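Chain by chain, the residues:
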Amino acid sequence: ARNETSRQLCDTMHGTSNIDLTEQIRSPGILMIVEAENASQDLSNLDATEEQLIDALRKEKLEIVSSTTTASKVSSVITIVLMEGYVIARALYGRKYCAFDIHLWSGFEKQEGTKKALIEAVGSTSYITSFRIIAGGMFGVPTWKDDKKSYGPQYDEICDELEP
């Protein structure tokens, strides 16, 4: 059954040859929220946790710009700035819990691998949840032309308006 009230889009671009790469008009980003429980890593060892997370990101071919940490007796926040976006890790030591905000505005194809690498870095193997939010990105990222080619699907016409 077809929903007659919705507009049907047609994929008429056949590849990426019709994509305008002369001007960056939009800058999308994707924010992935990940919660990892039962972490085996000692999350209260802030230096070791930060090092593990940075190593995991480097293995995923992400470029580290800087990192900062903030801690209390029961929790910590590690912020890692990347050329492709940023990662914020929030840990609750006693609960063996770590949440990640993975916001990429470049290299979206690396997001799933990054999620897995960060979960592995804190040693969580169960009780993992995640979801994505389409968010704003960053203009002027050097790889925007390559990234734009991977956006999809590529639609440019409404099927309802095409002649049979």
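Here is a short report on the structure shown in this document. (Residues numbered from 1 in each chain as written. Predicted model: local features only at pLDDT ≥ 70, side-chain atom pairs only at ≥ 80, totals over all residues. Heavy atoms only, no water.)

## A word on the pattern of salt bridges
No. 1: Enumeration over the complete set of coordinates arrives at two salt bridges.
No. 2: Put simply, Arg90 and Asp101 hold a salt bridge, and the shortest N to O gap is 3.2 Å. With Arg90 in strand E5 (residues 85-92) and Asp101 in strand E6 (residues 97-104), the pair connects residues that are eleven residues apart, well separated along the chain.
No. 3: For Asp101, a relative accessible area of 15% corresponds to the buried category.
No. 4: Here Glu112 ties to Lys115 by a salt bridge, and the two come within 3.4 Å at their closest N and O atoms. Of this pair, Glu112 and Lys115 are both found in helix H2 (residues 111-122), three residues apart, which corresponds to roughly one turn of the helix.
No. 5: Look at Glu112 and you get partly exposed, because its relative accessible area is 30%. (Salt bridge = Lys/Arg side-chain N within 4 Å of Asp/Glu carboxyl O. Helix = DSSP H or I, 4+ residues; strand = E, 2+ residues; numbered from the N terminus. Buried < 20%, exposed > 50% of the residue type's maximum accessible area, 1.4 Å probe, protein only.)

## Description of H2
No. 1: When the terminal C-alpha atoms of H2 are compared, their 17 Å separation across twelve residues agrees well with the 16 Å that a helix rising 1.5 Å per residue should span.
No. 2: Restricting attention to buried positions, one finds in H2 the residues Gln111, Thr114, Lys115, Ala117, Leu118, Ile119, Ala121 and Val122.
No. 3: Positive phi appears at Gly123, one or two residues downstream of H2, with a value of about 75°. (Expected span 1.5 Å × (residues − 1).)

## Examining unusual backbone geometry
No. 1: Non-glycine residue Lys61 carries a positive phi angle of around 65°.
No. 2: Mapped onto the elements, Lys61 comes out in the loop between helix H1 (46-59) and strand E3 (64-71).
No. 3: The backbone of Lys96 sits at a positive phi, close to 55°, despite the residue not being glycine.
No. 4: Its location among the elements puts Lys96 in the loop between E5 and E6.

## As for the environment of Leu43
No. 1: Its place among the elements puts Leu43 in the loop between strand E2 (28-37) and H1.
No. 2: Considered as a pair, Leu43 and Tyr97 are 54 residues apart in the sequence and their alpha carbons are 8.4 Å apart.
No. 3: Residue contacts for Leu43: discarding those within four places in its chain leaves Thr49, Ser76, Ala91, Leu92, Tyr93, Lys96, Tyr97, Cys98 and Val122. (Contact = heavy atoms within 4.5 Å.)

None of the figures reported here should be taken as evidence of function without further support.
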